[in-house]
Amino acid sequence: MSSALTDLFPYPIVQAPMAGGVSVPQLAAAVSDAGGLGFLAAGYKTADGMYQEIKQLRGLTGRPFGINLFMPQPEYADPAAVEVYAHQLAGEAAWYETELGDPDSGRDDGYDAKLAVLLDNPVPVVSFHFGAPTPDVLESLRRVGTFTLVTATTPEEALAVQRAGADAVIAQGVEAGGHQGTHRDVPDSDGAGIGLLSLVAQIRETVGIPVVAAGGIMRGSQIAAVLAAGASAAQLGTAFLATPESGAAAVHKEALTNPLFVRTELTRAFSGRPARGLVNRFLREHGRYAPAAYPEVHHLTSPLRKSAAKAKDAQGMALWAGQGHRMARDLPAGQLVEVLAGELAAARTALSVFPEFPEFPEGGDVR
C-alpha cells in the first residue's frame with residue numbers, strides 16, 4: 001500500500017463515511033485517535049456545513065482524517081415515474097402529518113463549492129462516491145497534499161478510477177450497508193453486485209493502485225481475510241454505526257440487533273438508488289415501486305424519513321445496514337478500534353502458525 005496513506009494511521013481500519021448525520025466529528029475523532037482513519041460525510045450538507053464540521057473535528061483531534069463527497073448525478077430520471085411514486089407515498093405523508101419533499105431540490109450536492117473549500121483548506125484524505133472525478137480535480141487535490149480514494153463496485157469501475165488518477169480505490173462489495181457507489185445507475189443490474197472477497201481479488205488483478213475493502217466487515221478476522229485477498233486496509237460502516245459516538249438515531253442503533261429485523265435488502269424505496277438497509281414496513285410496501293431516480297426520490301422522501309425518526313418509528317426509517325449487522329457491538333468507537341486491531345493480530349498469528357497441508361499420496365488418495 002502507498003506509504004502516503006499507511007503513514008496516516010497505524011491500524012488498517014477506516015471508518016466509513018455515513019451520510020445523513022451518522023459520521024459526526026465525535027465519531028471520526030475517536031476512530032482517528034485510536035489509530036484508525038476517521039471520516040466525515042459531506043453528502044447532503046452545504047459547503048459551509050461541511051467546513052464547520054471540519055473545524056470542529058480539528059478541535060477534537062490532531063490525527064489525520066478524511067472527507068467524503070458525492071459526485072453530481074446526471075439527469076436521467078423519468079419525471080412521470082417520480083410523480084407516480086409521489087402519489088403512492090401520499091398515504092405516508094398523511095400518516096406522518098408532513099408534506100412530501102420537492103424532488104427537484106438539486107442534483108450536484110454542492111459539489112463545486114465543497115471542492116473549493118477543500119482546496120482552500122486541505123484535509124489529509126478525500127474520497128468520492130457515485131463515480132470518479134475528473135483527472136484535473138484529483139490532480140488539484142494532490143497538489144495541496146490530499147490523498148484521494150474513489151469507490152468502485154466492479155473491476156471496470158476500478159480501472160476508470162485508476163485512469164482518472166486517484167491514489168487508491170475503495171472496493172465496495174454488495175454486502176455493504178447504505179448506497180452502492182456504482183458509477184452509473186443501471187436498473188437492469190439491481191442485485192447483481194459482486195461479493196467483497198471476489199471483488200477485491202478481481203480489482204487487485206485489474207489495477208495497480210492500493211485497494212481498501214468495504215462491505216459487511218464487522219470483525220478483525222474479516223479484516224485479516226480482505227488483507228489476505230489483496231486489500232491494504234478495510235473500511236467499516238455498520239460496525240461503527242452502533243457506537244455511542246455515532247450520530248445515528250437510537251432506534252436505528254437498536255434495530256441492528258433487534259430480532260424483529262432479520263435481514264437486509266438492496267432497495268430504491270428511500271432514495272431512488274440501490275442502497276442496503278434493514279427490511280422494514282416502508283421497504284416492503286414501496287421498494288418494488290420506487291423508480292430509478294436519484295436524488296429525486298431522496299428529496300421526495302426526506303420529510304417522511306425525518307418524521308419517522310422524530311416519532312421513533314423504525315418501520316418508516318431508512319435503516320441502512322450491511323449484511324453483518326447482527327454482529328454489531330455496543331462499544332465506544334475508540335475501544336472498538338482496539339478490539340478490531342486485537343482480533344486482526346490474533347487472526348494473523350493463527351494463520352502464521354497454521355500447519356502446512358501434508359503432501360497427498362501419489363494418485364490423490366487422501367484417506
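Predicted, not measured: the structure shown is a model, and the values here were computed from it.

Topic: the overall build of the protein
Now for step 1: On a plain count of helices and strands, the protein comes out with 15 helices and 11 strands.
Now for step 2: Taken against the 2.2 N^0.38 rule, which gives 21 Å for 367 residues, the C-alpha radius of gyration of the protein at 21 Å falls within 12% of a compact globule.
Now for step 3: Its C-alpha atoms give the protein principal-axis dimensions of about 70 × 55 × 35 Å.
Now for step 4: When each of the 367 residues of the protein is scored for burial, the buried share is 55%.
Now for step 5: Here the protein contributes 28 positively and 39 negatively charged side chains, and the mean placements of these two sets differ by 4 Å.

Quick look at the packing of helix H3 (residues 47–60) against helix H6 (residues 111–120)
Now for step 1: Interhelical geometry of H3 versus H6 gives an angle of 30° and a closest axis separation of 9 Å. On the basis of the axis angle, H3 is roughly parallel to H6. At the point where H3 passes H6, the crossing takes the right-handed sense. Two secondary-structure elements touch here, H3 through Ala47, Met50, Tyr51 and Ile54 and H6 through Ala113, Lys114, Val117 and Leu118.

Observations concerning the packing of aromatic side chains
Now for step 1: Applying the stated criterion across every chain, the model contains five aromatic pairs.
Now for step 2: Ring centres of Tyr44 and Phe70 lie 5.2 Å apart, and the angle between their planes is 80°; this geometry places the pair in the edge-to-face category. Linking Tyr44 in the loop between strand S2 (38–41) and H3 with Phe70 in strand S3 (residues 65–70), this pair joins segments that are 26 residues apart in sequence.
Now for step 3: Ring centres of Phe270 and Phe282 lie 4.7 Å apart, and the angle between their planes is 20°; on these two criteria the pair is classed as stacked. Within this pair, whereas Phe270 is found in the loop between strand S10 (264–267) and strand S11 (275–278), its partner Phe282 is found in helix H13 (residues 281–286), the two being separated by 12 residues in sequence.

So, the layout of surface pockets
Now for step 1: Reported here for the largest pocket is a volume of approximately 1,100 Å³.
Now for step 2: Along its surface, the largest pocket is lined by 48 residues, and Met18, Ala19, Gly20, Val22 and Trp320 are the ones closest to its centre.
Now for step 3: Those elements giving two or more residues to the lining of the largest pocket turn out to be S3, strand S4 (125–129), strand S6 (168–172), strand S7 (178–179), strand S9 (233–236), helix H11 (238–241) and helix H14 (296–310).
Now for step 4: At six residues, the largest contribution of residues to the lining of the largest pocket is made by H14.
Now for step 5: Considered class by class, the residues forming the lining of the largest pocket number 23 nonpolar, 23 polar and two charged.
Now for step 6: Its boundaries defined by the atoms lining it, the second largest pocket holds a volume of some 320 Å³.
Now for step 7: Forming the walls of the second largest pocket are 18 residues, and the residues nearest its centre are Thr153, Thr182, Arg184, Ser189 and Gly193.
Now for step 8: The class makeup of the residues in the lining of the second largest pocket is six nonpolar, seven polar and five charged.

Quick notes on the environment of Arg63
Now for step 1: Tracing the backbone shows Arg63 in the loop between H3 and S3.
Now for step 2: Its relative accessible area of 32% is what places Arg63 among the partly exposed residues.
Now for step 3: Residues Arg63 and Leu8 lie 55 residues apart in sequence; the distance between their C-alpha atoms is 8.0 Å.
Now for step 4: Once you skip the residues sitting within four places of it in the chain, Arg63 turns out to touch Leu8, Phe9, Pro10, Ser32 and Asp33.

Some points on H14
Now for step 1: Its 15 residues give H14 an end-to-end C-alpha distance of 22 Å, which sits within 8% of 21 Å, the value for a rise of 1.5 Å per residue.
Now for step 2: Of all the bends in H14, the greatest, near 40°, is centred on Ser302, and the proline Pro303 appears no more than four residues after it.
Now for step 3: Listed as buried for H14 are Glu296, Val297, His298, His299, Leu300, Thr301, Ser302, Leu304, Arg305, Ser307 and Ala308.
Now for step 4: Of the surrounding elements, those touching the buried residues of H14 are helix H4 (79–88), helix H5 (90–95) and H13.
Now for step 5: At the C-terminal side of H14, Lys312 shows a positive phi close to 55°.

Side note on the nonpolar core
When a protein is soluble and globular, its nonpolar side chains tend to lie buried together.
Now for step 1: In this structure, Ile67, Leu69, Phe128, Val169, Ile223, Leu236 and Phe240 are the most contacted members of the largest nonpolar core, which totals 100 residues.
Now for step 2: If one sorts the elements of this core by residue count, helix H15 (residues 333–352) sits on top with six residues.
Now for step 3: When sequence neighbours within four positions are dropped, the list of residues in contact with Val169 reads Val150, Ala152, Ala158, Val161, Ile203, Val207, Ile209, Pro210, Val211 and Val212.

Quick look at the sheet that holds S3
Now for step 1: Strand order across the open sheet formed by eight strands is S1-S9-S8-S6-S5-S4-S3-S2, with parallel pairing between neighbours. Of all strands in the sheet, those with a lone pairing partner are strand S1 (13–15) and S2, marking the two edges. If you compare each strand with its neighbour and ignore which way they point, the axes differ by 25° on average.
Now for step 2: As paired strands, strand S8 (residues 211–214) and S9 are joined by three bridges and run parallel to one another. Across the sheet, the residue bridging to Ala213 is Ala234, located in S9.
Now for step 3: Where H3 meets the sheet, it contacts S2 and S3, and its direction lies at approximately 170° from that of S3.

What counts, and at which threshold
- Residues numbered from 1 in each chain as written.
- Predicted model: local features only at pLDDT ≥ 70, side-chain atom pairs only at ≥ 80, totals over all residues.
- Heavy atoms only, no water.
- Helix = DSSP H or I, 4+ residues; strand = E, 2+ residues; numbered from the N terminus.
- Rg over C-alpha atoms; globule rule 2.2 N^0.38 Å.
- Buried < 20%, exposed > 50% of the residue type's maximum accessible area, 1.4 Å probe, protein only.
- Lys, Arg positive; Asp, Glu negative; His and termini not counted.
- Charge placed at Lys NZ, Arg CZ, Asp CG, Glu CD.
- Axes fitted to C-alpha atoms, helices over the stretch in contact; angles between N-to-C directions.
- Parallel < 35°, antiparallel > 145°, perpendicular 65-115°, else oblique.
- Left-handed = near helix turned anticlockwise from the far one by under 90°.
- Contact = heavy atoms within 4.5 Å.
- Phe/Tyr/Trp six-rings, centres within 6.5 Å; stacked < 30°, edge-to-face > 60°.
- 1 Å grid on protein atoms, 1.4 Å probe; cavity = no way out; pocket = protein on both sides within 12 Å on 5 of 7 lines; lining within 4 Å.
- Points joined across faces, edges and corners; volume = space filled by probe spheres on them.
- Nonpolar A, V, L, I, M, F, W, Y, C, P; charged D, E, K, R; others polar.
- Expected span 1.5 Å × (residues − 1).
- Bend = angle between axes of the 7 residues up to and from the residue.
- Core = buried A, V, L, I, M, F, W, Y, C linked by side-chain atoms within 4.5 Å.
- Pairing = 2+ DSSP bridges.

Treat this as a map of the structure, not an account of what it does.
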